[in-house]
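# Chain and residue survey
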Amino acid sequence: QVRLVESGGGLVQPGESLRLSCAASGFTFSMSTMSWYRQAPGKERELVAFISPFGSVINYADSVKGRFTISRDDAKYMVYLQMNSLKPEDTAVYYCKAVKGGNVNWGQGTQVTVSS
């Protein structure tokens, strides 16, 4: 069974940093494309960043470019999202997504709230 478990969310003030983690199991992690999405209340889920197998291709949404960094550790079956200079508009539930062999799986999400 594929499992993706996010952690690291919480309440922070604008300008602060947060690191999200996604622990993967039940599939060939190294061959998967891993992504972070987020969904704010009343809005559609949007892509934040993705990283291909071996980290050969990495992309970010324009809204987070220069502030967020996605990375993966295949030996630990983990994907991370380092979020710096957080803004109130970054407030959302953040989801980890895995795509491999045409199969798509999602984590349960972790809440990130940026507020003063």
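Going by the structure above, here's the rest.
Everything quoted here is computed from the prediction, not taken from an experiment.

### Observations concerning the overall build of the protein chain
When its secondary structure is counted, the protein chain shows zero helices and eleven strands. Starting at the N terminus and ending at the C terminus, the protein chain contains elements arranged as β-β-β-β-β-β-β-β-β-β-β. Scaling as 2.2 N^0.38, a compact globule of 116 residues should have a C-alpha radius of gyration of about 13 Å, and the protein chain matches this with 13 Å. If you line up the protein chain on its principal axes, its C-alpha atoms span 40 × 25 × 25 Å. For the protein chain, the share of sequence-separated contacts (at least 6 apart) that also reach a separation of at least 24 residues comes to 52%. Across the protein chain, the centroid of the 12 positively charged side chains sits 5 Å from that of the 9 negatively charged ones.

### Things to note about the state of the cysteines
Counted by the stated rule, this structure contains one disulfide. Each sulfur of the disulfide joining Cys22 and Cys96 lies 2.1 Å from the other. Here the S-S torsion is close to -80°, and the disulfide linking Cys22 with Cys96 is therefore left-handed. Linking Cys22 in strand 3 (residues 18-25) with Cys96 in strand 9 (residues 92-100), this pair joins segments that are 74 residues apart in sequence. When sorted by exposure, Cys22 lands in the same class as Cys96, which is buried.

### Focus: the layout of surface pockets
By volume, the largest pocket amounts to about 180 Å³. Forming the walls of the largest pocket are 13 residues, and the residues nearest its centre are Arg38, Lys43, Glu46, Glu89 and Asp90.

### Re the sheet that holds strand 1 (residues 3-7)
Read from one edge to the other, the open sheet built from four strands follows the order 1-3-8-7, with strand pairing classed as antiparallel. Strands with a single pairing partner mark the edges of an open sheet, and in this sheet they are strand 1 and strand 7 (68-73). Taken over all neighbouring pairs, the strand axes of this sheet differ in orientation by 15° on average, direction set aside. Alignment of strand 3 against strand 8 (residues 78-83), held across six bridges, turns out to be antiparallel. Paired with Ser21 across the strands is Tyr80, a residue of strand 8.

### Notes on the pairing of strand 9
Judged from the seven bridges that link them, strand 4 (residues 33-39) and strand 9 form a sheet pairing that is antiparallel. The residue bridging Thr33 from the neighbouring strand is Val99, located in strand 9. Note that strand 9 and strand 11 (residues 110-114) share three bridges and pair antiparallel. Among the inter-strand pairings, Val93 is bridged to a residue of strand 11, identified as Gln111. Here four bridges tie strand 9 to strand 10 (residues 103-106), and the two strands are oriented antiparallel to one another. Residue pairing in the sheet places Lys100 in a bridge with Asn103 of strand 10.

Parameters at a glance
Residues numbered from 1 in each chain as written. Predicted model: local features only at pLDDT ≥ 70, side-chain atom pairs only at ≥ 80, totals over all residues. Heavy atoms only, no water. Helix = DSSP H or I, 4+ residues; strand = E, 2+ residues; numbered from the N terminus. Rg over C-alpha atoms; globule rule 2.2 N^0.38 Å. Contact = heavy atoms within 4.5 Å. Lys, Arg positive; Asp, Glu negative; His and termini not counted. Charge placed at Lys NZ, Arg CZ, Asp CG, Glu CD. Disulfide = S-S within 2.5 Å. Buried < 20%, exposed > 50% of the residue type's maximum accessible area, 1.4 Å probe, protein only. 1 Å grid on protein atoms, 1.4 Å probe; cavity = no way out; pocket = protein on both sides within 12 Å on 5 of 7 lines; lining within 4 Å. Points joined across faces, edges and corners; volume = space filled by probe spheres on them. Pairing = 2+ DSSP bridges. Axes fitted to C-alpha atoms, helices over the stretch in contact; angles between N-to-C directions.

Read these as geometric descriptors, not functional statements.
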